[in-house]
Amino acid sequence: MPSTSPETSLFRYPAFLQFWFAKNASSFGFQMMSVAVGWQIYSITGRAFDLGLIGLVQFIPSVVLALPAGHVADQFDRRRIVRICQVIEWIAITLLAAFSVSGHINEAGILALVFVVGIAKAFEFPAMQSMLPALVPLSILPRATAASAAAGQAAMIAGPALGGLLYVAGPATVYGVSALLYLGALIFMSRLRYDHAPPRREPATLKSLFAGVHFIRSRPAVLGVISLDLFAVLLGGATALLPIFAKDIQHTGPWGLGLLRAAPAVGALLMSIWLSSHSLKRRVGPIMFTAVAGFGVATLVFAVSTSLWLSMGALFALGAFDMVSMVIRGALVQLETPDDMRGRVSAVNAIFINTSNQLGEFESGLLAAALGAVNATLIGGVGTLVVVGLWMWWFPSLRRRQALVEHPDPVEGASSTI
C-alpha cells in the first residue's frame, strides 16, 4: 500500500472537498441533534421507552422508503435530491429550536419532527452515496471512500460530546448550532460541481424498484461483499453488550463505559485517515477477508479480557479492521455498479446495514440473556470466523480478487489496475 503522490491527492479535486465538507457539517449537525432530542424527551417524560421511540421513528422510514429512495436517486439529479433533503432537515431542526425557545414543545412534536428528518435521511443517503464516484477518478475512489468515512467517524465521536456540552445552555442552543451546520452543508453542496445526466425517466414499477435487488443477485462480487457485511455485523455485535462488560467484568463505572464505547470509533477514525492517503491496489480480496477475520479475532479477545485496557485495545483493533473491510466493500460495490443503478444498489445496501445493526444488537441481547455476555460474545466472534471461511469458499472469485476493478470501464474511464 504505497503512500499517495501529489498527483493523486484528494485535495486536487474541489468537487470532492465540497462534498466532504458538506457531509462533515451535516453529520456533525445530525449527531448533535440526536443527543439533544434524547435528553429533551427523557427530561419531559422520564420514560426509557420513549428513548426507544426515537430510534423507531428513524428506523421505519430508513427501511420502508429505501427502495423508492434508490429509484429517485437514479432518476433525478442527485445533488438536487441531497439539497432538498438537507433543506427539509434544516427546517425540522430549526422548528425544534424555535419550539424549544417558546416552550411549546412536547414528546409528540419532537418525535414528529425527528420522523420528518428520518424521511429526508432515507432519500438523502442513496443519492449522496451515489455521487462519490463522479467526484474523483475511479483509481482513487477507495481513498475518497475512506476520507468520507473519516468524516462520519469524527462526527460520531465529537458530535455527541459537543452537543452534550452545549446542552448546558439548553436544547435550543444545540438545535441552533445544528441548524447552522446544516446551513453550511447546504452552502457547500450548492457550490459543488456535479456533472450527472440522469437517464430517461421510467415509472416507479415493482421491476424498477427491485432492480437493485436483482442486480446484486446477478453480480457475485457485489452479493458477496454485501452479504459478508450483513452476517459479520449480525454476529459480531459485541458493542451492544458494553454496559454489561464495563460493570460486571471490568468493574468500572460510566467513565470506563465511555472509554469502551469510544475505542472502536477511534480505531476506525485513525484507520480511515490512513486509508485516505494510501492506495489499495493489490490483493484486495484477501485483505478484505483478513480484515473481517481480524474483526472476529478482536471480538474473541474482548470476550475473554478482564482488563479494561486490553478490552479497549481489542475494541480499537475491531474498529480498525472493520474500517478496512468497509472501505474495500464500499469501493468495490460502487465500482462494480453502473452509474444508473448506484442509487438503487445503495438503497438495498442501506437496508442491509440498518437491519443488520438493529438485529445484531437484538441477537446479542438474546444470547447474553440466555448464555451470559461472555459466551454470547465468544459465539459472535467464532461465528464471524465461520462466515469468513464459508464466504471464501462460496465466493472464490472474491477470495482471489487482486484489484478493485478488473476490467476497463469505457464510460467512466476506470482502469483495469485500480
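Residues numbered from 1 in each chain as written. Predicted model: local features only at pLDDT ≥ 70, side-chain atom pairs only at ≥ 80, totals over all residues. Heavy atoms only, no water.

Asks: Which parts of the structure should I look at to understand the overall build of the chain?
Replies: Secondary structure summary: the chain contains 17 helices and zero strands in total. Expressed as a percentage of its 418 residues, the buried residues of the chain come to 51%. Pairs at least 24 residues apart make up 86% of the contacts formed inside the chain by residues separated by at least 6 positions. A total accessible area of about 18,400 Å² is found for the chain, and carbon and sulfur atoms account for 69% of it. (Helix = DSSP H or I, 4+ residues; strand = E, 2+ residues; numbered from the N terminus. Buried < 20%, exposed > 50% of the residue type's maximum accessible area, 1.4 Å probe, protein only. Contact = heavy atoms within 4.5 Å. Areas by Shrake-Rupley, 256 points an atom, 1.4 Å probe, with all protein chains shown as cover.)

Asks: Could you clarify how one ought to interpret the packing of aromatic side chains in this entry?
Replies: What describes a pair of aromatic rings is the distance from one ring centre to the other and the angle between the planes of the rings. Inspection of the entire model under this criterion finds seven aromatic pairs. With a centroid separation of 5.2 Å and 50° between ring planes, the pair formed by Trp391 and Trp394 is classed as tilted. With Trp391 and Trp394 both in helix H16 (residues 373-394) and three residues apart, this pair spans about one turn of that helix. Exposure remark for Trp394: the relative accessible area of 48% places this residue in the partly exposed category. A connected cluster of aromatic rings, assembled from ring pairs, spans Phe231, Trp391, Trp394 and Phe395. Over the face of the ring belonging to Phe30 we find Lys121, whose NZ or CZ atom lies 4.8 Å from the ring centre. (Phe/Tyr/Trp six-rings, centres within 6.5 Å; stacked < 30°, edge-to-face > 60°. Lys NZ or Arg CZ within 6 Å of the ring centre and 35° of its normal.)

Asks: When you look at helix H10 (residues 220-235) in this model, what are you seeing that I'm missing?
Replies: Three- or four-residue spacings in an α-helix give side chains the same orientation, since the helix completes a turn every 3.6 residues. If you check H10, its first and last C-alpha atoms are 22 Å apart, about what 16 residues at 1.5 Å a residue would give, namely 22 Å. Three or more residues of H10 are buried, namely Ala221, Val222, Gly224, Val225, Ile226, Ser227, Leu228, Asp229, Leu230, Ala232 and Leu234. (Expected span 1.5 Å × (residues − 1).)

Asks: Looking at this structure, I do not really get the nonpolar core. What am I missing?
Replies: Phe16, Leu135, Val136 and Leu398 are the most contacted members of the largest nonpolar core, which has 68 residues in total. When residues in this core are grouped by element, the largest group, eight residues, is from helix H14 (residues 308-336). In this structure, this core is formed jointly by two domains, domain 1 (14-197) and domain 2 (205-406), each of which donates at least three residues. Excluding residues within four positions of it along the chain, Phe16 makes contact with Leu10, Leu132, Leu135, Val136, Ala144 and Ala147. Formed by 24 residues, the second largest nonpolar core is a distinct cluster that contains Phe30, Met32, Ile110 and Leu113. (Core = buried A, V, L, I, M, F, W, Y, C linked by side-chain atoms within 4.5 Å. Domains from an automatic or database assignment.)

Asks: Any chance you could explain unusual backbone geometry here in plain terms?
Replies: Residues other than glycine predominantly adopt negative phi, and peptide bonds predominantly adopt the trans conformation. Located in the positive-phi region is His251, a residue other than glycine, with phi close to 55°. Here His251 shows up in the loop between helix H11 (242-249) and helix H12 (254-275).

Asks: Got a minute to help me understand the pattern of salt bridges in this structure?
Replies: Charged atoms that come close allow side chains of opposite charge to pair. In this structure the tally under the stated criterion is eight salt bridges. When the shortest N-O distance is used, the salt bridge between Arg78 and Asp74 registers 2.9 Å. For the pair Arg78 and Asp74, a shared accessibility class is recorded, and that class is buried. A salt bridge links Asp74 to Arg344; the shortest N-O distance between them is 2.8 Å. One end of the pair, Asp74, is in helix H3 (residues 66-75); the other, Arg344, is in helix H15 (residues 342-371), and 270 residues separate them in sequence. For Asp74, a relative accessible area of 0% puts it in the buried group. (Salt bridge = Lys/Arg side-chain N within 4 Å of Asp/Glu carboxyl O.)

Asks: Help me out: how do you make sense of the UniProt feature "transmembrane region" (unreviewed entry) in the chain in this one?
Replies: The feature "transmembrane region" (unreviewed entry), as annotated in UniProt, sits at residues 21-42, 48-69, 105-123, 174-192, 221-246, 258-275, 287-310 and 366-394 in this numbering. The span residues 174-192 is 95% helix and 0% strand, and its two end C-alpha atoms sit 27 Å from each other. (UniProt positions renumbered as here; feature names shortened; annotations may be inferred.)

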